[in-house]
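What follows is each chain in one-letter form.
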Amino acid sequence: MARFTELDSASGTDDWIDRVCEGMADGALVAHPTTSVYGLGAADPELDPVVAQLKGRDPTVPILRLVSDPARLLRLFPDIVWPEVATVLADAFWPGPLTLVLDDGSPAGLAVRAESHPATRAILSRWDGTLGSTSLNPAGRPPARTRDAARTVLGAMTDPGRPVLLVAAADLEGPPPSTLLSLRRGECRLLREGATERSKLERVLGRRLDLQGGSC
């Protein structure tokens, strides 16, 4: 069973943010709140296979990265392709539940989102990097939406051999997850409908979206 340290994001001080950042620098895994459910990830992308193994998730499927804002994203990932439409969407919907998939030279691209939950935003504002995020649950099971559920899921996971931090928050909204939109190769392709409504995306883009994609 995995041991974890719980940090209360509603403690009234910023001490927990310092502890999370120190932990991430030392390779800790972090269970963190998002708009909908708890996520699990690490600051170092090299630890993504550890996270995938804990969940029983396919390790070949990339884990998305949470970031504080586009400017930091572009500084941290200078090789990504950030088209003009990405600026339009980020201005309209970030921070919020819209994940963009961008070309970065890799086969699958880079999935990124500016998270809107205040606790995780506080971490990302302090941390000069990104944080991996995949839903906190064994693969095929519902994600943790409450503090108690997050404790239960973490406690049932195998020991990853490194520190695990739980950033505890009030009960979360639950599904749907973030909307997933690919901007790769000059297209706008809706990969997953989610919390950011398709109609709102279409209003900002001035065009219809579907799963088949189309030029932006």
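Attention here is on the structure that accompanies the text. Treat the numbers as computed from the prediction; the structure is a model and nothing was measured.

### Brief notes about the sheet that holds strand β7 (residues 131-135)
Next up, step 1: The strand order β1-β8-β2-β3-β7-β4-β6-β5-β9-β10 describes an open sheet built from 10 strands, whose pairing is mixed. In the strand order of this sheet, the two ends are held by β1 (5-8) and β10 (189-192), each with one partner. If you compare each strand with its neighbour and ignore which way they point, the axes differ by 30° on average.
Next up, step 2: Pairing between strand β2 (residues 29-33) and strand β3 (residues 38-42): 5 bridges, direction antiparallel. Pairing of valine 30 across the sheet is with glycine 41, part of β3.

### Points about the pairing of β2
Next up, step 1: Most of β2 is tucked away, with 5 of its 5 residues classed as buried.
Next up, step 2: Residues Leu29, Ala31 and Pro33 of β2 are buried on one face, and the alternating residues Val30 and His32, pointing to the opposite face, are buried as well.
Next up, step 3: As consecutive antiparallel partners, β2 and β3 are separated by 4 residues.
Next up, step 4: Where β2 lies against strand β8 (residues 164-168), 3 bridges are found, and the strand directions are parallel. Paired with leucine 29 across the two strands is valine 164, which belongs to β8.

### So, the pattern of salt bridges
Proximity of charged atoms lets side chains of opposite charge pair with each other.
Next up, step 1: Counted according to the given criterion, the structure contains 13 salt bridges.
Next up, step 2: In this structure, glutamate 6 engages arginine 151 in a salt bridge whose closest nitrogen and oxygen atoms are separated by 2.7 Å. Of this pair, glutamate 6 sits in strand β1 while arginine 151 sits in helix α6 (residues 147-156); the two residues are 145 residues apart in sequence, bridging distant segments of the chain.
Next up, step 3: Look at arginine 151 and you get partly exposed, because its relative accessible area is 31%.
Next up, step 4: Of the charged contacts in the structure, one is a salt bridge between arginine 65 and aspartate 48, with a shortest N-O distance of 3.3 Å. Placement of arginine 65 in strand β4 (residues 64-67) and of aspartate 48 in helix α2 (residues 48-55) is noted, with a sequence separation of 17 residues between them. Both residues of the pair, arginine 65 and aspartate 48, count as buried.

Definitions and cut-offs
Residues numbered from 1 in each chain as written. Predicted model: local features only at pLDDT ≥ 70, side-chain atom pairs only at ≥ 80, totals over all residues. Heavy atoms only, no water. Pairing = 2+ DSSP bridges. Helix = DSSP H or I, 4+ residues; strand = E, 2+ residues; numbered from the N terminus. Axes fitted to C-alpha atoms, helices over the stretch in contact; angles between N-to-C directions. Buried < 20%, exposed > 50% of the residue type's maximum accessible area, 1.4 Å probe, protein only. Salt bridge = Lys/Arg side-chain N within 4 Å of Asp/Glu carboxyl O.

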